[in-house]
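# Working through the structure, step by step
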Number of protein chains: 2
Amino acid sequence: MEIQGLPGRLLDELGPAIAAGEIPEGAVLRSEDLEERFGVSRTVVREAVRILEGMRMVASRRRVGITVQPKSGWDVFDPLVIRWRLAGADRPAQLRSLGSLRVAVEPAAAALAAVHASDDDRRELSALAVELTVSARAADLATFLRHDIAFHATVLKASGNEMFAHLGDTVGAVLTGRTEYHLMPHQPEPYAIRLHREVADAICSGDAVHAEQAMRTIVTGALEELNQQLG
Amino acid sequence: MEIQGLPGRLLDELGPAIAAGEIPEGAVLRSEDLEERFGVSRTVVREAVRILEGMRMVASRRRVGITVQPKSGWDVFDPLVIRWRLAGADRPAQLRSLGSLRVAVEPAAAALAAVHASDDDRRELSALAVELTVSARAADLATFLRHDIAFHATVLKASGNEMFAHLGDTVGAVLTGRTEYHLMPHQPEPYAIRLHREVADAICSGDAVHAEQAMRTIVTGALEELNQQLG
DNA sequence: CACAGTCCAAAAGTATGACGATTTGGTTTC
DNA sequence: GAAACCAAATCGTCATACTTTTGGACTGTG
């Protein structure tokens, strides 16, 4: 997942700093400064900058330097950008954006999954729904989170749409971020758990309408809760 | 939009070739070969490869080389990846994926736009709906396409959700690709045009339910038509 | 024959010096 | 005051040398 080597280390410094606004839009960096500041060679700086450029977070111009681009141009779907924004000052906005995206995508994915899921997918969903119930009842938030992430990722994958499938990690990041955010709220609501079972059952029995509906209830509920938390 | 310089040129060669499967999954490239083949220096090859690595299309390992990663890992939301796939053998699959994504996202965006759109957004939507009607009636497919793209991009932007907004270009690519694909079908259907006006009107009057519904009709219609075309 | 440990060479990773290209901003000139 | 010009700054590219990792061959042993 990570970019490796020295350029990766540079990215881990620059990316979050830019995402958090510590290095603000319009700021100009110079390669040579970066070389000194991080004690690496031009090669390394250039490659790291190239990657940031690929994410449209910076642009490099002769005689000018490396300028931080406006947020509106960033590749907001890039997993690294999402992670960096979730880690910094943009966290609330990022969670809101992702919440809306979930509301749009996950019900559709559930409906598709009811039609396209493989037998393995269906089995896994059933199993996860059960484990979800167990860990919720045991108030074991850590494993609950793990299963919750797996559940949603599996639905997205089972939809058969590669683009939906790729949102699995992103949704995972949201759930993790959310859990950290309201600092482990107590026990997951029994109603939400029941809805997850409903989704699993509906997908297993090929009931697209019901799967979509139940999933929509889950994600809109999550979004409302989020908006409440964030004020 | 483009990556510039020699690395950009390299990308324009390698990216499409990988996306089209000409360089298949698992294939191994060596930096030195690429240097010779394209007549560029190490620096340039490395930076281009770094960018591809950022898109998760290749992975570079010591003593092994640069290996093409399985498609399932690619950053399928990266605009360049989308463009490359649309240009090559993956075009049908890519259009289908994007079609489903549109069905999920655009109705939600329309609903949000009805609530959050600025006055400017609403004005622009009205204007675009009119121009859409005009160019459709004149059977001017080129300008129709332009306005259609602008219309959908504006709705996405007006939703106030940055992630939705960023799908504007992507949707534009779909519409362009679709138009090229069935080779300019004849005249756009009057019913679809009317739906666009309905979306605009609903957003202008703040009617989220109606906006969502009309938009859903548009995109599901487009998806069905697409599936019909692709068999 | 099977297995484990050792060693080597191949390839990417990093560093560095030199030069080229381009943009900017000031300076000169008319 | 405006236009043309020049010079400095900075990225872009190249060539080269050195470092690090690691896959696989080789070797020896049980």
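Figured I'd write up the structure that's included with this text. Computed from a prediction, not measured in an experiment: that's the story for all the values here.

Moving on, we come to the packing of helix 9 (residues 190–204) of chain A against helix 10 (residues 208–230) of chain A. Residues and elements named next belong to chain A. Direction vectors running N to C along helix 9 and helix 10 enclose 155 degrees, while the axes themselves pass 8 Å from each other. What the angle tells us is that helix 9 and helix 10 run roughly antiparallel. The hand of the helix 9/helix 10 crossing is left-handed. Within the contact between the two elements, helix 9 uses Tyr191, Leu195, His196, Glu198, Val199, Ala202 and Ile203 and helix 10 uses His210, Ala211, Ala214, Met215, Thr217 and Ile218. Partitioned by chemical class, the residues of the contact of helix 9 with helix 10 number 9 nonpolar, 3 polar and 1 charged.

Quick look at the sheet that holds strand 3 (residues 65–68) of chain B now. Residues and elements named next belong to chain B. Spatially, 3 strands are ordered 1-3-2 in an open sheet, and the strand pairing comes out antiparallel. Looking along the sheet, the strands with just one partner apiece sit at the ends: strand 1 (28–29) and strand 2 (58–61). Sheet analysis places strand 2 next to strand 3, joined by 4 bridges and oriented antiparallel. In the strand pairing of strand 3, alanine 59 is matched with threonine 67. This element, helix 3 (residues 42–54), spans strand 2 and strand 3 of the sheet and lies at about 120 degrees to strand 2.

This brings us to the interface of chain A and chain B. Between chain A and chain B, the residue contacts involve 41 residues of the former and 41 residues of the latter. Summed over both partners, the interface of chain A with chain B buries about 3,300 Å², with 56% contributed by carbon and sulfur atoms. When residues of chain A are sorted by the area they lose upon contact with chain B, A:Arg50, A:Phe77 and A:Met163 head the list and together hold 22% of the total. A:Arg85 is paired through a salt bridge with B:Glu162; the nearest N and O atoms lie 3.1 Å apart.

Residues and elements named next belong to chain A. Spatially, the 3 strands line up as an open sheet ordered 1-3-2, and their pairing is antiparallel. In this open sheet, the two edge strands, each paired with only one partner strand, are strand 1 (28–29) and strand 2 (58–61). Running over the sheet, helix 3 (residues 42–54) touches strand 2 and strand 3 (65–68) and is turned about 125 degrees from strand 2.

Scanning the entire structure with this criterion turns up 26 salt bridges over all chains. For A:Glu106, the salt bridge goes to A:Arg102, with nearest N and O atoms at 2.5 Å. Of this pair, A:Glu106 and A:Arg102 both sit in helix 5 (residues 91–116), 4 residues apart, which is roughly one turn of that helix. In terms of burial, A:Glu106 and A:Arg102 fall into one category: buried. Here the salt bridges do not stand alone but share partners, grouping A:Arg46, A:Arg50, A:Glu53 and B:Glu47 into one network.

Let's shift gears to the relation of the copies chain A and chain B. Superposing chain A onto chain B takes a rotation of 180 degrees plus a shift of 0.0 Å along the axis, which leaves an RMSD of 0.1 Å. Viewed as a symmetry operation, the transformation between the two copies matches a two-fold axis. By residue overlap, the copies meet face to face through one surface: 100% of the interface positions of chain A are interface positions in chain B.

Criteria and thresholds
Residues numbered from 1 in each chain as written. Chains lettered and ligands numbered in written order. Predicted model: local features only at pLDDT ≥ 70, side-chain atom pairs only at ≥ 80, totals over all residues. Heavy atoms only, no water. Axes fitted to C-alpha atoms, helices over the stretch in contact; angles between N-to-C directions. Helix = DSSP H or I, 4+ residues; strand = E, 2+ residues; numbered from the N terminus. Parallel < 35°, antiparallel > 145°, perpendicular 65-115°, else oblique. Left-handed = near helix turned anticlockwise from the far one by under 90°. Contact = heavy atoms within 4.5 Å. Nonpolar A, V, L, I, M, F, W, Y, C, P; charged D, E, K, R; others polar. Pairing = 2+ DSSP bridges. Buried area = accessible area lost by both parts, 1.4 Å probe. Salt bridge = Lys/Arg side-chain N within 4 Å of Asp/Glu carboxyl O. Buried < 20%, exposed > 50% of the residue type's maximum accessible area, 1.4 Å probe, protein only. Least-squares fit on C-alpha atoms with pLDDT ≥ 70 in both.

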